[in-house]
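Next come the chains, spelled out residue by residue.
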Amino acid sequence: MQTQIFAHRGANYKFPENTMPAFKHALKEKADGIELDVQLSKDGIPVVIHDEKVNRTTNGVGYVKDLTVSELQSLRAGTRKWWRLYHNTTIPTLEEVLKWIGPTSMHLNIELKNNGFAYEGLTPSVLDLVNQFNMMERTFFSSFNHDSLYHLQQMAPEANTALLYRKPMPEPWTYTKALNASGIHPHRRNITPGLIKQMHKYQFAVRAYTINQARTMRQMMDWDIDAIITDVPAVADKVRRQYKP
């Protein structure tokens, strides 16, 4: 099995995170897929941004939920170090990303950012768009809000869901089965060869975040991990091309 590479918020080491330039560059750097974060604007549009507030990654202030999609897209997207180079870069909508990624062969990991705010309507809106662009088979849905993933699974039994978690979990394969998920996205510190072997025994996928060191990438490949989520897809691609079991 060849380990897949997912670009964490796109190729965000080189371009503003969660923006179209970052996603497009991830494709050039041979990533198998991109990971992005989705929230709802004030007027109910799924938008791609990580933080609940726009303060860190744009030149604006305030909560995403309190701004319309028009107001959000009037902001410069990117941390301060990127503004001079990419001053015209905006916060993309999920629809924009799906329209772009559809014709490619890339996979998509949508993280539902609803562990801070519930965002009523987020899940059905996201599912509608994914279905509209025929991307269900190439999409994984993840979240730290496991209850929302469970309900997503009820709405769309064919969906692939993956449980995000930071702290160690006893028997994650049992928990994954209980929630009808198809895999887990644990923090890299929780990964052991035994965990991967046990998850694979029950046919669950393991994709770890956020792995940026070449040595750790090689170790994960030795352990037959399904995918790594990384800020540096170019490094991961080089490691994978040079990798010998």
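Data block above holds the structure.
Conventions adopted
Residues numbered from 1 in each chain as written. Predicted model: local features only at pLDDT ≥ 70, side-chain atom pairs only at ≥ 80, totals over all residues. Heavy atoms only, no water. Buried < 20%, exposed > 50% of the residue type's maximum accessible area, 1.4 Å probe, protein only. Helix = DSSP H or I, 4+ residues; strand = E, 2+ residues; numbered from the N terminus. Arc of directions from axis to C-beta. Contact = heavy atoms within 4.5 Å. Polar contact = N/O pair within 3.5 Å; in protein donor to acceptor, adjacent residues only side chain to side chain. Salt bridge = Lys/Arg side-chain N within 4 Å of Asp/Glu carboxyl O.

Q: Is there a simple way to think about helix 4 (residues 122-132) in this case?
A: An α-helical turn contains 3.6 residues, so any two residues separated by three or four positions project in the same direction. Along helix 4, the residues classified as buried are Leu-122, Thr-123, Val-126, Leu-127, Leu-129 and Val-130. Down the axis of helix 4, the buried set is contained in an arc of 165°. They therefore lie on one face. Facing away from the buried side of helix 4 by over 90 degrees, the exposed positions are Asp-128 and Gln-132. Looking at the packing, one finds that the buried side of helix 4 touches strand 2 (33-40), strand 3 (46-48), helix 3 (94-101), strand 4 (107-112), strand 5 (139-143) and helix 5 (146-155).

Q: Help me understand the side chain of Thr-3, please; the structure alone is not making it clear to me.
A: With respect to the helices, strands and loops of the structure, Thr-3 is situated in the segment before strand 1 (4-8). A relative accessible area of 4% places Thr-3 in the buried class. Here the side chain of Thr-3 touches Ile-225 through a polar contact of 3.0 Å, landing on its backbone oxygen. Look past the residues within four positions of Thr-3 in its chain and what remains in contact with it is Asp-32, Met-221, Ile-225, Asp-226, Ala-227, Ile-228 and Arg-240.

Q: How do you make sense of the pattern of salt bridges when you look at a structure like this?
A: Any two side chains of opposite charge can pair, given that their charged atoms come close. The full count for this structure, using the stated rule, is eight salt bridges. Among the salt bridges present, the one from Glu-17 reaches Arg-9, with a minimum N-O distance of 3.3 Å. Residue Glu-17 shares its accessibility class with Arg-9, and that shared class is buried. One salt bridge connects Glu-111 with Lys-113, and the closest N-O pair in it is separated by 3.6 Å.

Q: Looking at this structure, I do not really get unusual backbone geometry. What am I missing?
A: Generally, phi is negative for residues other than glycine and the peptide bonds are trans, each holding for most cases. Positioned with a positive phi, Lys-30 is a non-glycine residue whose angle comes to about 70°. Along the chain, Lys-30 falls in the loop between helix 1 (20-28) and strand 2. Phi is positive for Tyr-119, which is not a glycine, with a value near 50°. Inspection of the secondary structure assignment puts Tyr-119 in the loop between strand 4 and helix 4.

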